[in-house]
Amino acid sequence: MTRQRLGRSKLGRIGLPYLLLLPALALELLIHLVPMVVGMVMSFKQLTQFYIRDWSAAPWSGFDNYRVSVDFSAPIGQSLLNSFWVTCLFTALAVGFSWLLGTAAAVFLQESFRGRGLLRTLFLVPYALPVYAAVITWSFMFQRDTGLINHLLVDQLHLLDEKPFWLIGENSFTALVVVAVWKTWPFAFLTLMAGLQNIPRELYEAAAMDGAGVWQQLRKITLPSLRPVNQVLVLVLFLWTFNDFNTPYVLFGKSAPEQADLISIHIYQSSFVTWNFGAGSAMSVLLLLFLLLVTALYLFFTSRRRDADA
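As the structure is a prediction and not an experimental result, all values here were calculated from the model.

(A) Looking closely at the packing of aromatic side chains. Throughout the structure, instances matching the rule amount to 23 aromatic pairs. With a centroid separation of 5.7 Å and 40° between ring planes, the pair formed by tyrosine 127 and phenylalanine 187 is classed as tilted. Here tyrosine 127 is found in helix 4 (residues 116–128), whereas its partner phenylalanine 187 is found in helix 7 (residues 171–196), with 60 residues between them in sequence. Classification of phenylalanine 187 by relative accessible area gives buried; the value is 17%. Joined through ring pairs, the aromatic side chains of Phe245, Tyr249, Tyr268, Phe272, Trp275 and Phe277 make up one cluster. One cation-aromatic arrangement involves lysine 45 over tryptophan 60; the distance from NZ or CZ to the ring centre is 4.4 Å. Cation over ring: arginine 144 sits above phenylalanine 165, and NZ or CZ is 4.7 Å from the ring centre.

Right, here's the structure in full:
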């Protein structure tokens, strides 16, 4: 009897964590996995506005939606390819500048000085603000005639001769990158600032005694010590930025300029503007496969480099 009781108690302790995970797993299945599977099924159908009431009744199209999406000699494929390259360039610039600003701010605030707490709070304000409120504010600032940006550049600093359009044309890409960096870099700053707390101060003191300057300490101590944090941070920033929908949608509306046509907005237009949900779903699946491939390659090479350094 005692053995049976001990066996049940041990079984209960082992099964309790899995039991506690069940609600989270059920919600994950309901919120993410089920819509993902439905989207994959929709990508193999001729799903247009005529089948919105009953999408399951739409006829099967096989891989036609995928063939149209990757036919880069046709208009649909060309526009998708252009959107892909725009998104790649946007992601590289936004992630690069966000990481650079976050690193500089984290290193600058590593030393204790008067007002450091206030600066930390101010630096985190863009990350704490709701995305829609922040981007709407930027959209007002980028207005040609009444915006603060043109007033500052043209009327106050006299850096430009005439007021440019920021939300249409070639300047729209610059405006999009500026807003994305402003919104994203505080997360990099917060993550790197936490990582810097784990670096022993004795390393900097010993390096200073050996004659190492600030740049040498940064290159030989700070950046190598932050490598595990940076590996995760860069991947998270890449996935967030490449999939960013809120920023271009609030900044430009349903139809973004060609120069700022991110792939998230492009898929939205293909699905909800042209009412071709089958093609939009196929593009979404292709985007998912691309992100999975990039993530797998990134984790593979970073793990190999970590093993080599060890």
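Once you've had a look at it, read on.
(B) Structural view of the nonpolar core. Within the largest apolar cluster, 23 residues are counted, with the highest numbers of intra-cluster contacts made by Phe90, Phe142, Leu176, Val179, Leu251 and Phe252. Looking at this core, the elements that each hand over two or more residues are helix 3 (75–108), helix 5 (131–141), helix 7 and helix 11 (246–252). Element by element, the count of residues in this core is highest for helix 7, at 7 residues. When neighbours within four sequence positions are excluded, leucine 176 is seen to be in contact with Phe90, Thr247, Pro248, Leu251, Phe252, Ala260 and Leu262. One finds Ala188, Leu196, Ala207 and Ile221 within the second-largest nonpolar core, a separate group that totals 18 residues.

(C) Geometry of helix 5. Inspection of helix 5 places Ala134, Val135, Trp138 and Ser139 among the buried residues, and these make up the whole buried set. Taken end-on, helix 5 shows its buried residues confined to a sector of 140°, consistent with a single buried face. Those residues of helix 5 hidden inside the fold are in contact with helix 6 (148–156), helix 7 and helix 11.

Conventions we followed
- Residues numbered from 1 in each chain as written.
- Predicted model: local features only at pLDDT ≥ 70, side-chain atom pairs only at ≥ 80, totals over all residues.
- Heavy atoms only, no water.
- Phe/Tyr/Trp six-rings, centres within 6.5 Å; stacked < 30°, edge-to-face > 60°.
- Helix = DSSP H or I, 4+ residues; strand = E, 2+ residues; numbered from the N terminus.
- Buried < 20%, exposed > 50% of the residue type's maximum accessible area, 1.4 Å probe, protein only.
- Lys NZ or Arg CZ within 6 Å of the ring centre and 35° of its normal.
- Core = buried A, V, L, I, M, F, W, Y, C linked by side-chain atoms within 4.5 Å.
- Contact = heavy atoms within 4.5 Å.
- Arc of directions from axis to C-beta.

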